[in-house]
Amino acid sequence: MRSMSQLGNDLYTGKTSFPFVGRRRLWFIIAAILVIGSALVPLVRPIQFSIEFTGGSQFTVSGVTSPDQSLATDAVQSVVPGATTKVTTIGDTAVRVQTDQMTDAETRDVSQSLADAYDVPLAEVTSSFIGPSWGQDVTRQSLWGLAIFLALTFLILAIYFRTWKMSTAAILGLVDVLVITIGVYALFGFEISPAAVIGFLTILSYALYDTTVVFDKIRENTSEDGEVSGRTFGESVNLAVNQTLIRSINTTVVAALPTAAILFIGALWLGAQTLTDISLSIFVGTIVAAYSTLFVAAPLYALFRENEPAIKARNERVLAARELAGTPV
């Protein structure tokens, strides 16, 4: 059995090669299924947005001896029957309760009911209110942030790589990451909060970094195409992806493991909702980003350029030379 270092050497020299470009039709079909499926998931299971987006009332009960979530639900229902209630525990001594928007009188009554249910002083129950207009502002600013990020990404990559086709492939890869990550959130009922949005932008940056490293190697390899390297354009792209494959895997593992640890500590130990939201989005997005760079962005770039007259003619010369030399095409 080959060691990881030997496998990396074989991938770099081309002795071992995974057909990222050669079987791109299969990868595109899989990517299309994942994207379409992720886009359809919210129709079956609507995306859960946090109170910061939807608006509502929030109560925090501190100093509880038993963080039984059913006590909070019953306490709210006894004051406002039918109210939508979401209860989460914060460590072992606190409970957070989020509800629909309530009036001042209802807020006071719910606070007293929660204090009675958990047998704590009323001073241990804090309440806050988030209006719908504030939630709309958060949504608008999040969308603006995403749009500006994608626009700047396209412009910078086009300038750096001197081709808009590489920028387009990278942007489509980023959109693929975003759609699938949001689809996973909807499928498993994860809540999208401002912290999760920050996580989304973070994993887009990670995906961009990973894609840029691979594309830089692609540019280096394709500059040697033709008579110098004896490779076709698609083969040079595929070689570049294989040469950076071990680095991509290592980077993903190194990024995913500590994020998973933070997720576990934040969710199960500390009960820190913000920490959980950020680490969850980064953990899911890191894995999806690695897949997207290798199986979507790089093969797309090869597809975009292979029909250019100069590249097409060069590929034909390489294949003709192989036939004359008796080398398998």
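Position numbers for residues count from 1 along each chain, tracking the sequence in the order it is written. Local features in this predicted model are restricted to residues of pLDDT 70 or higher, and side-chain atom pairs are both shown and tallied only at a pLDDT of 80 or more, whereas totals for entire chains, interfaces and linings draw on every residue. Based on all heavy atoms of the structure, the side-chain values leave hydrogens and waters out of the count.

A. Structural view of the nonpolar core. By convention a nonpolar core is built from buried Ala, Val, Leu, Ile, Met, Phe, Trp, Tyr and Cys residues, the set being connected through side-chain atoms within 4.5 Å. Accessible area is worked out with a 1.4 Å probe on protein chains only. A residue is then buried under 20% of its type maximum, exposed over 50%, and partly exposed in between. Ranked by size, the top nonpolar core spans 54 residues in total, and within it Leu 174, Val 177, Leu 204, Phe 215, Ile 218, Tyr 291 and Tyr 301 carry the most contacts. Broken down by secondary-structure element, the contributors of at least two residues to this core are helix H2 (24-44), helix H6 (132-161), helix H7 (164-187), helix H8 (194-222), helix H9 (233-243), helix H10 (245-270) and helix H11 (273-305). Put simply, DSSP marks the helices as runs of H or I at least four residues long and the strands as runs of E at least two long, and each gets a number from the N terminus on. At 14 residues, H11 tops the list of elements feeding residues into this core. Any pair of residues with heavy atoms lying within 4.5 Å of one another is described as a contacting pair. Those residues within four positions of Ile 218 in sequence are excluded, and the remaining contacts are Met 166, Val 237, Ala 240, Ala 298 and Tyr 301.

B. Main features of H9. Where burial is concerned, most of H9 is hidden: ten out of the eleven residues are buried. Along H9, the positions that sit buried rather than exposed are Phe 233, Gly 234, Ser 236, Val 237, Asn 238, Leu 239, Ala 240, Val 241, Asn 242 and Gln 243.

C. Seen up close, the side chain of Asp 176. Here Asp 176 lies in helix H7. Within this scheme the basic residues Lys and Arg register as positive and the acidic residues Asp and Glu register as negative, but His and the chain ends are omitted. Salt bridges are defined as contacts in which a side-chain nitrogen from Lys or Arg sits within 4 Å of a carboxyl oxygen from Asp or Glu. Here Asp 176 is buried and forms no salt bridge, its nearest opposite-charge partner Arg 247 lying at an N-O distance of 16 Å.

D. Geometry of the packing of helix H4 (residues 69-79) against helix H5 (residues 104-118). With their axes 9 Å apart at the nearest point, H4 and H5 run at an angle of 145° to one another. Between H4 and H5 lies a crossing of right-handed hand. Listed contacts from H5 to Gln 69, Leu 71, Ala 72, Ala 75, Val 76, Ser 78 and Val 79 of H4 are Glu 106, Asp 109, Val 110, Ser 113, Leu 114, Ala 117 and Tyr 118. Classification convention: Asp, Glu, Lys, Arg as charged; Ala, Val, Leu, Ile, Met, Phe, Trp, Tyr, Cys, Pro as nonpolar; all other residues, Gly among them, as polar. Its residues assigned to classes, the contact of H4 with H5 shows nine nonpolar, three polar and two charged. In this analysis an axis means a line fitted to C-alpha atoms, helices contributing only their contacting stretch, and an angle means the value between N-to-C directions, from 0 to 180 degrees. Crossing handedness is defined as follows: a turn of the near helix away from the far one that is anticlockwise and smaller than a right angle gives a left-handed crossing, while the clockwise case is right-handed.

E. Looking closely at the sheet that holds strand S4 (residues 94-99). Paired strands are those between which DSSP finds at least two bridges. As summarised here, the arrangement of the four strands in space is S3-S4-S2-S5, forming an open sheet in which the pairing is antiparallel. Only two strands of the sheet have a single partner each, and these edge strands are strand S3 (85-90) and strand S5 (125-130). Pairs of neighbouring strands in the sheet enclose a mean axial angle of 15°, with direction left out of account. Examined bridge by bridge, strand S2 (residues 56-62) and S5 share six bridges and lie antiparallel to one another. By the bridge assignment for S5, Val 61 is matched with Val 125. Helix-sheet contacts for H4 involve S3 and S4, and the interaxial angle to S3 is about 145°. Across the sheet, H5 lies against S2, S4 and S5, angled at about 30° from S2, the strand it touches most.

F. Structural view of H5. A helix is expected to span 1.5 Å for every residue after the first. The first and last C-alpha atoms of H5 sit 21 Å apart over 15 residues, in line with the 21 Å expected at 1.5 Å per residue. Those residues of H5 that fall on the buried side of the exposure criterion are Thr 107, Val 110, Ser 111, Ser 113, Leu 114, Ala 115 and Tyr 118. Where the residues of H5 are buried, they touch S2, H4, S4 and S5. Phi turns positive one or two residues past the end of H5, at Asp 119, with a value near 55°.

G. Structural context of the confidence of the model for the chain. The predicted model of the chain averages 83 in pLDDT, with 90% of residues at 70 or higher. The pLDDT value tells you how sure the predictor is about a given residue, anywhere from 0 up to 100. When mean pLDDT is compared element by element in the chain, H2 scores highest at 92, while helix H1 (residues 4-13) scores lowest at 69.

H. Geometry of the pattern of salt bridges. Under the criterion given, the structure shown has seven salt bridges. A salt bridge links Asp 216 to Arg 219, with the nearest nitrogen and oxygen atoms 2.9 Å apart. Taken as a pair, Asp 216 and Arg 219 lie in helix H8 at a separation of three residues, close to a single helical turn. Here Asp 216 falls in the partly exposed class, since its relative accessible area comes to 30%. Relative accessible area serves as the criterion here: at 28%, Arg 219 is assigned to the partly exposed category. When the shortest N-O distance is used, the salt bridge between Glu 308 and Arg 305 registers 3.1 Å. Taking the relative accessible area as the measure of exposure, Glu 308 reaches 19% and is therefore buried. Through salt bridges with shared partners, a single network forms among Lys 165, Arg 305 and Glu 308.

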